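Structural description and commentary
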Amino acid sequence: MPPRRLLWALAAALTPLLLLVVPARAQESQALRVTVSAAEPDFPDGITFTLEAESAGPEIVEAQLLYGPTRDETLTVVEPEFTPGTRVMASHRLDTRVYYYPPGTEISFRWVLRDAAGSELTTEPQEFVYHDERFPWRELQDRNVIVYWYRGDEAFGEELLSSATRTLDRLQTQIGAQLTQPVRIYVYANNADMRSALQSNAVEWIGGAAWPGYGVIVGPIAPGDRAELARLIPHELSHQVLHQATENPYGGVPVWFDEGLAVHNQEQRDIGWDEMVAEAAREGRLIPLEALEASFPADPEQALLSYAQSRDVVEHIIAVYGEAKLAELTAAFASATPVAEALPAVLGLTVDELDAEWRATLPPQERQPPDLSGPPVAPPERFEEQPAGGGPFAARPGEPPWAGLLNGTRPLATATALALCCVVGIVVAGAALLVGLRLAGVDKRP
Ligand SMILES: [Zn+2]
């Protein structure tokens, strides 16, 4: 049964909206009663919602299930088929292989029942966390960060958590923000386990995934892989804190600022990036800062350079203007100030002036840029990480394995993954916009 799916804005304001949209005939019924309302998660296959209800008056003729990630501003509405009566049972199976939610997504749901006389009952919202229960997770938490791991001892978990809390301390100083909502970090022991939790079309080399809007980070870190731990945890947590600190419906954070801060915060510094930037300066192929505001280039080498430049620019701001300016910029982005206004207000420089000032710290150009024409390094579909169907619940593919940067064994994959790191940010922003545009509209998913 292809259910009718409507997207409703503002889950928090759900009840008023329902009253707004549902015909005026509806009255809250005293005769309707729900005896069972449950959700049975079965990650990664699906979630089964079940309802049992009865009416002391007219027959129950309509039941709607409204569900969605708690932190989304949308709910999906389905109308499961059931036999009308004074005692009814209804259920809906959500196939999360199709409509993907990452592990750790907080999901809310409620039911709306109507009887033959037009009276209705709306149940109180219920919530649960869509855990990946296939693994014997251990968990530790502190200050809104919850780390989950299943391979490795308690000390490994403590290492994960302490990397996270150190990052929170740094970000508190740097951008004056901390987590206001929980972030769940699922540490899988290897790539195969992690990939089994991602969408089936996730590319093989993907090094992790993150959904700042849901407060979820998924990554493969083998116990003992301190280098990966020191890169992935701080980098991803930086994105989550900045996202929570600046989330607003009107404006975003420049990608170079978001990624520059994330890379700067890594406890494992990427080796060779300073020289990469210096060489790009000598060859006159630095990417204009303005071009790194909305997205990073798809070309793997250009993407890698974008990350390196972004880190450098953020560190230039810290060195010349002081770390306090990062907090001021963050506050400006939180109030939806465009970067073209935020930079002059906070640093007294336009984007181009900041770019020029930063470039002046680099070696002068010595050569003409090499001819970069020719076949693309990677086919474009390497970057197509959006799941079929898309929509506001589209997954955010993720973060890079980084390791290739250090050992040089996977430079292409790593650079490609790095490109994703920025692309996904745009996807999330786009999804948010989409959601806004679809107020009460019909979801285009089949
Ligand atoms: Zn990133």
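Residues numbered from 1 in each chain as written. Predicted model: local features only at pLDDT ≥ 70, side-chain atom pairs only at ≥ 80, totals over all residues.

1. What to know about the overall build of the protein chain
- Per the secondary structure count, the protein chain includes 12 helices and 15 strands.
- A total of 446 residues make up the protein chain; the buried ones form 42% of that total.
- Partitioning the intrachain contacts of the protein chain with sequence separation of at least 6 by distance along the chain shows that 72% fall at a separation of at least 24. (Helix = DSSP H or I, 4+ residues; strand = E, 2+ residues; numbered from the N terminus. Buried ≥ 20, exposed ≤ 12 C-beta atoms within 10 Å, placed from the backbone. Contact = placed C-beta atoms within 7 Å.)

2. With respect to the environment of Thr-173
- Mapped onto the secondary structure, Thr-173 falls in helix 2 (residues 154–175).
- Expressed as a C-alpha distance, the spacing of Thr-173 and Ala-324, which sit 151 residues apart in the sequence, is 8.0 Å.

3. Some thoughts on the confidence of the model for the protein chain
- Of the residues in the protein chain, 76% have a pLDDT of 70 or more, and the chain-wide mean is 82.
- Scored below 50 in pLDDT, residues 1–25 makes 46 contacts in the model with residues more than four places away or belonging to other chains.
- Throughout residues 375–446 the model reports pLDDT below 50, and contacts reaching past four residues in sequence, or to other chains, amount to 145 contacts. (pLDDT = per-residue confidence, 0-100.)

4. Section: the sheet that holds strand 15 (residues 216–220)
- What the five strands build is an open sheet, ordered 11-12-13-15-14; its pairing is mixed. Across the chains shown, the open sheet's two edge strands, defined by having one partner strand only, are strand 11 (138–142) and strand 14 (209–211). This sheet shows a mean twist of 15 degrees between the axes of neighbouring strands, independent of strand direction.
- Examined bridge by bridge, strand 14 and strand 15 share three bridges and lie antiparallel to one another. When the sheet's bridge partners are listed, Ala-210 is paired in strand 15 with Ile-217.
- Contacts between helix 2 and the sheet are confined to strand 11, strand 12 (145–149) and strand 13 (183–188), with strand 12 contributing the most and set at about 155 degrees to the helix. (Pairing = 2+ DSSP bridges. Axes fitted to C-alpha atoms, helices over the stretch in contact; angles between N-to-C directions.)

5. Quick notes on unusual backbone geometry
- Cis peptide bonds are those with omega within 30 degrees of zero, and the linkage from Phe-43 to Pro-44 qualifies with 0 degrees.
- For Pro-44, the position within the fold is in the loop between strand 3 (32–42) and strand 4 (46–55).
- Unusually for a residue other than glycine, Arg-143 sits at a positive phi of about 45 degrees.
- Unusually for a residue other than glycine, Ala-336 sits at a positive phi of about 65 degrees.
- Along the polypeptide, Ala-336 turns up in the loop between helix 8 (324–334) and helix 9 (339–347).
- Residue class for Ala-336 comes out partly exposed when judged on the 13 C-beta atoms lying within 10 Å of it.

6. So, helix 7 (residues 300–321)
- Its 22 residues give helix 7 an end-to-end C-alpha distance of 31 Å, which sits within 8% of 32 Å, the value for a rise of 1.5 Å per residue.
- Backbone geometry just after helix 7 places Gly-322 at a positive phi near 95 degrees. (Expected span 1.5 Å × (residues − 1).)

7. Some thoughts on the environment of Ala-189
- Along the chain, Ala-189 falls in the loop between strand 13 and helix 3 (191–195).
- When the 17 C-beta atoms within 10 Å are taken as the criterion, Ala-189 is described as partly exposed.
- On a C-alpha basis, the gap between Ala-189 and Tyr-150 in space is 7.3 Å, while along the polypeptide they are 39 residues apart.
- Once residues lying within four places of it in the same chain are set aside, the contact partners of Ala-189 are Tyr-150, Arg-151 and Ala-222.

8. So, the packing of helix 4 (residues 226–246) against helix 8
- Viewed as axis vectors pointing N to C, helix 4 and helix 8 meet at an angle of 50 degrees, and their least axial separation amounts to 8 Å. By the angle between their directions, the pair helix 4 and helix 8 is classed as oblique. Taking contact as the criterion, the partners of Leu-242, Ala-245 and Thr-246 in helix 4 are, on helix 8, Thr-330, Phe-333 and Ala-334.
- Residues of the contact of helix 4 with helix 8, tallied by class, amount to four nonpolar, two polar and no charged. (Parallel < 35°, antiparallel > 145°, perpendicular 65-115°, else oblique. Nonpolar A, V, L, I, M, F, W, Y, C, P; charged D, E, K, R; others polar.)

9. Here we look at the nonpolar core
- In terms of nonpolar packing, the biggest core is built from 66 residues, with Val-145, Val-147, Leu-160, Ala-164, Ile-185 and Val-187 touching the most fellow members.
- Per-element accounting of this core gives the leading share, eight residues, to helix 7.
- Contact partners of Ile-185, with chain neighbours within four places excluded, come to Val-145, Ile-146, Val-147, Tyr-148, Leu-160, Ala-164, Ile-217 and Ile-233.
- By size, the runner-up hydrophobic cluster in this structure holds 22 residues, among which are Ala-53, Ala-63, Leu-65 and Ile-107. (Core = buried A, V, L, I, M, F, W, Y, C linked by C-beta atoms within 7 Å.)

10. Structural notes on the packing of helix 5 (residues 255–265) against helix 7
- Two elements in contact, helix 5 and helix 7, have axes separated by 7 Å at closest approach and are oriented at 85 degrees. Of the possible angle classes, the one that applies to helix 5 and helix 7 is roughly perpendicular. Counted together, Trp-256, Phe-257, Glu-259, Gly-260, Leu-261, Val-263 and His-264 of helix 5 and Tyr-307, Ser-310, Arg-311, Val-313, Val-314 and Glu-315 of helix 7 form the full contact between these two elements.

11. Some remarks on the sheet that holds strand 4
- Read from one edge to the other, the open sheet built from three strands follows the order 3-4-7, with strand pairing classed as antiparallel. A strand with exactly one partner marks an edge of an open sheet, and here the two such strands are strand 3 and strand 7 (87–95). Averaged over neighbouring strand pairs, the angle between their axes works out to 10 degrees when direction is ignored.
- Note: strand 3 against strand 4, 10 bridges, orientation antiparallel. Note on strand 4: the bridge partner recorded for Val-36 is Glu-52.

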